[in-house]
Protein chains: 2
Amino acid sequence: MKTKLTIVKVGGVILDDNLLFEEFLKNFSLINENKIIVHGGGIIASNYMIRLGIIPKMVNGRRITDSKTLDIAVMTYAGLINKKIVSKLQKLNCNSIGLSGADGNLIKSKIRKVNKIDYGFVGDIEKINDEFLFSLLNSNLTPTICSLTHDKKGQLLNTNADTIASEIAIAMSKYYNVTLKYCFDKSGVLMDQNSNTSIKKNITKKEFKKLVDDKIIYEGMIPKLENCFHALENGVNKIYIGDLDILNTIKHCTKITL
Amino acid sequence: MKTKLTIVKVGGVILDDNLLFEEFLKNFSLINENKIIVHGGGIIASNYMIRLGIIPKMVNGRRITDSKTLDIAVMTYAGLINKKIVSKLQKLNCNSIGLSGADGNLIKSKIRKVNKIDYGFVGDIEKINDEFLFSLLNSNLTPTICSLTHDKKGQLLNTNADTIASEIAIAMSKYYNVTLKYCFDKSGVLMDQNSNTSIKKNITKKEFKKLVDDKIIYEGMIPKLENCFHALENGVNKIYIGDLDILNTIKHCTKITL
């Protein structure tokens, strides 16, 4: 039987709040099996952009990444946030190693083709270097991976962190029994955005389609859930969406199933 | 006989000049043995500090690092510069992995005690995790290490890149025949700062002392050379100081010997 691996995608709201961030890291460090963090950091990047006089541009919830925006993304994702996570995990005796997709050729991607919208330096994933990740985990290291990839031609590319998490989860299913946890500021997928208690405990693919048709699930939650079904269809064992508690218990959250 | 390892410290002037930077990476990628880059990036950090309204403070050529300055150092050293080096080396088929001292607990340091001058978040090295570095090199990875360390209590610390290079060189002498190369914008240690051809081909410890007394060697070159003698006295095989050419030839440069 395969051993377990938990992959946690942590959202921007948690990264940007000192108390939530510390609690997240404490809970994460208590996961007593192979584990990986995937993070972005859009809120912190946008704050630095504004301070540097660059106006953040978003289309359909996705960032338009020109070269100046990319520099800020690299500085905040791979620098500030990644190293803060790693150094704080070291304090908690979790031997983490911070990585972008360029390090060890971890995630090769291709710049997104211009099709109506020019997203700029945004990459679509082509290949995960699963052997490299497997060797790090085998050395008892805990990878902390930021949402940057590269094209192997010298160009870093901004890449959606949810997608990185699901693609890594799929690639690592070769070696492990993989659980993927999307950890954000809500305790699950809500049926009513104004009520934090309106969590749906379980969402199947069929239910998802109906919830989208009924406009109960919309905007950023749609690609997030599409990523989940894609991952489940490609070898990932379990997927949960919820708040900090899902790191150590799965009582209050949304389980995604096929 | 031990196999060879070349450790290259690259200076800020090269990192800040696109043409020199590309040439540096090309020359470095041609080194046909185990290799490591150590880099800082003070010029780029200072530029971002000024853009963000933070005034860089230096005492005796050393940066005073308050918490805002540390954030910029982390963003530029571990983020912008480190990932630019790694992604460009990947293009050159050099499988690099970018690291700060917190990653894999690579470099543990201690915050510098206040003694006349409060340097702020500056770390003095206590321990290099040589086994971790050895395992990366054994996996055919080329570490690119930025000038940040950590105290294992959750705090990142700014640390002089020359010192990191020499301490890593000493630690890795256990496994390898180590050559240390300090690569900057001059072709060696000059006897006359106004003449680029006044390179001294070889400097011994005895000559160094006299050159300091005679005020021919001064300022930042003093701690740099002190680092060199310390390294040679502790197992490092060869040390050269020079420009981009020293990566592939040692014809025009300064060799440091005991």
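Residues numbered from 1 in each chain as written. Chains lettered and ligands numbered in written order. Predicted model: local features only at pLDDT ≥ 70, side-chain atom pairs only at ≥ 80, totals over all residues. Heavy atoms only, no water.

### Here we look at the interface of chain B and chain A
Phase 1: Residue-level contacts link 35 residues of chain B with 35 residues of chain A.
Phase 2: Overall, the association of chain B and chain A removes approximately 3,000 Å² of surface from exposure, summing both partners, and the carbon and sulfur fraction of that is 62%.
Phase 3: For chain B, the biggest contributors to the area lost against chain A are Leu52, Met75 and Lys83 of chain B; these three give 19% of the whole.
Phase 4: At the junction of chain B and chain A, the tally comes to two salt bridges.
Phase 5: Between Lys83 of chain B and Asp103 of chain A there is a salt bridge, with its nearest N and O atoms 3.0 Å apart.
Phase 6: Our enumeration of links across chain B and chain A arrives at 12 residue pairs in polar contact (both at pLDDT 80 or more).
Phase 7: Those elements that provide at least two residues to the side of chain B that touches chain A are α3 (42–51), α4 (67–91) and β5 (96–99) of chain B.
Phase 8: With 14 residues, α4 of chain B is the single largest residue contributor to the side of chain B that touches chain A.
Phase 9: For the side of chain B that touches chain A, the residue count by class is 13 nonpolar, 13 polar and nine charged. (Contact = heavy atoms within 4.5 Å. Buried area = accessible area lost by both parts, 1.4 Å probe. Salt bridge = Lys/Arg side-chain N within 4 Å of Asp/Glu carboxyl O. Polar contact = N/O pair within 3.5 Å; in protein donor to acceptor, adjacent residues only side chain to side chain. Helix = DSSP H or I, 4+ residues; strand = E, 2+ residues; numbered from the N terminus. Nonpolar A, V, L, I, M, F, W, Y, C, P; charged D, E, K, R; others polar.)

### Observations concerning the pattern of salt bridges
Should their charged atoms come close, side chains of opposite charge can pair.
Residues and elements named next belong to chain A.
Phase 1: Using the criterion set out here, one finds 20 salt bridges over all chains in the structure.
Phase 2: Between Asp130 and Lys174 there is a salt bridge, with its nearest N and O atoms 3.4 Å apart. On the criterion of sequence distance, the pair formed by Asp130 in helix α5 (residues 130–138) and Lys174 in the loop between α6 (161–172) and β11 (177–183) is long-range, its members being 44 residues apart.
Phase 3: Classification of Asp130 as buried rests on a relative accessible area of 10%.
Phase 4: For Lys200, the salt bridge is made with Glu207, and the minimal N-O distance between the two is 3.2 Å. (Buried < 20%, exposed > 50% of the residue type's maximum accessible area, 1.4 Å probe, protein only.)

### Brief notes about the relation of the copies chain B and chain A
Phase 1: If you rotate chain B by 180 degrees and push it 0.0 Å along the axis, it lands on chain A with an RMSD of 0.0 Å. Taken together, these values place the two copies in the relation of a two-fold axis.
Phase 2: The fraction of interface residues of chain B whose copies in chain A are also interface residues reaches 100%, indicating that both copies meet through the same surface. (Least-squares fit on C-alpha atoms with pLDDT ≥ 70 in both.)

### A closer look at the nonpolar core
Phase 1: Within the largest apolar cluster, 87 residues are counted, with the highest numbers of intra-cluster contacts made by Ile145 and Ile168 of chain A together with Ile145 and Ile168 of chain B.
Phase 2: If we skip the residues at most four places from it in the chain, Ile145 of chain B touches Ile36, Ile37, Val38, His39, Asn82, Leu99, Leu106, Ile107, Leu133, Ile164 and Ile168 of chain B. (Core = buried A, V, L, I, M, F, W, Y, C linked by side-chain atoms within 4.5 Å.)

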